[in-house]
Amino acid sequence: QVQLAESGGGLVQAGDSLRLACAASGRTFSIDTMGWFRQAPGKGREFVAAMRWAGGSTYYTDSVKGRFTISRDIAKNTVYLQMNSLKPEDTAVYYCAAARFYRANVMGANSYDYWGQGTQVTVSS
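Note on numbering: residues in each chain are counted from 1, in written sequence order. Side-chain atom pairs in this predicted model are given and counted only at pLDDT of 80 or more, local residue features only at pLDDT of at least 70, and totals for whole chains, interfaces and linings cover all residues. To obtain the side-chain values, all non-hydrogen atoms of the structure were included, while hydrogens and water were left out.

**Topic: the nonpolar core**
Next up, step 1: The biggest cluster of nonpolar side chains holds 29 residues, and the ones touching the most others in it are Leu-4, Met-34, Trp-36, Leu-81, Met-83 and Tyr-94.
Next up, step 2: To qualify as a helix, a DSSP run of H or I must reach at least 4 residues; to qualify as a strand, a run of E must reach at least 2; elements of each kind are numbered from the N terminus. Elements with a minimum of two residues in this core: β1 (2-7), β3 (18-26), β4 (33-39), β5 (45-52), β7 (68-73), β8 (78-83), β9 (92-99) and β11 (119-124). What is meant by a nonpolar core is a set of buried Ala, Val, Leu, Ile, Met, Phe, Trp, Tyr and Cys residues, joined one to another through side-chain atoms within 4.5 Å. To sort residues, take the accessible area from a 1.4 Å probe on protein chains only and compare it with the maximum for the residue type: under 20% means buried, over 50% means exposed, and anything in between is partly exposed.

Printed below as a string of structure tokens:
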């Protein structure tokens, strides 16, 4: 089993930055991919970014390219999401996810086996 714990959410103004962190514990050696998803009120869970744990390949949804950066600290078993130039439409609960195996559809929520509890990000205009 793998446990994921997110941190770093909060209330910011448009244009501000936030950095989310997701610390993994348990059988972390089994992780292939870690990702970030978000869910706004009344909407489905949306892919944001992902990273292959070993090789470091990254993936982003179009709406955050150039603004968000996913990174990892292997020694700390932690993945980060640096969010710059935040917009009100970025407001959502952000979830960290981990996959035991590589799956071609890294943007699909069904590709992930473990989920964190989520952290709220609110961007005011």
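Don't stop here, the text continues.
**Here's the deal with the packing of aromatic side chains**
Next up, step 1: Here is the rule: rings of Phe, Tyr and Trp (six-membered ring for Trp) pair when centre to centre is within 6.5 Å. Planes less than 30 degrees apart are stacked, more than 60 are edge-to-face, and the remainder are tilted. Applying the stated criterion to the full structure yields 4 aromatic pairs.
Next up, step 2: Seen in terms of ring centroids, Phe-37 and Phe-47 are 5.6 Å apart; in terms of plane orientation they differ by 80 degrees. Their pairing is edge-to-face. Here Phe-37 is found in strand β4, whereas its partner Phe-47 is found in strand β5, with 10 residues between them in sequence. The pair formed by Phe-37 and Phe-47 is uniform in burial state, with each residue classed as buried.

**With respect to unusual backbone geometry**
Next up, step 1: Residues other than glycine seldom take positive phi values, yet Asn-77 does so here, at roughly 50 degrees.
Next up, step 2: Along the chain, Asn-77 turns up in the loop between β7 and β8.
Next up, step 3: The class for Asn-77 is partly exposed, based on a relative accessible area of 23%.
Next up, step 4: Here Ser-85, not a glycine, exhibits a phi torsion of approximately 50 degrees, which is positive.
Next up, step 5: Topologically, Ser-85 is positioned in the loop between β8 and β9.

**A look at the sheet that holds β3**
Strand pairing in a sheet is mediated by backbone hydrogen bonds. Such pairs are either parallel or antiparallel.
Next up, step 1: Only when DSSP finds a minimum of two bridges between them are two strands counted as paired. The antiparallel open sheet is built from 4 strands, whose spatial order is β1-β3-β8-β7. One side of each edge strand has no neighbouring strand; the edge strands of this open sheet are β1 and β7. For this sheet, the mean angle separating the axes of adjacent strands, direction not counted, is 20 degrees.
Next up, step 2: As judged from the 6 bridges shared by β3 and β8, these two strands associate in the antiparallel manner. Looking at β8, one finds that Arg-19 is bridged to Gln-82. Lines are fitted to the C-alpha atoms to define the axes, a helix being fitted only along its stretch in contact, and any angle between axes, read from their N-to-C directions, falls within 0 to 180 degrees.

That is the geometry; function is a separate question.
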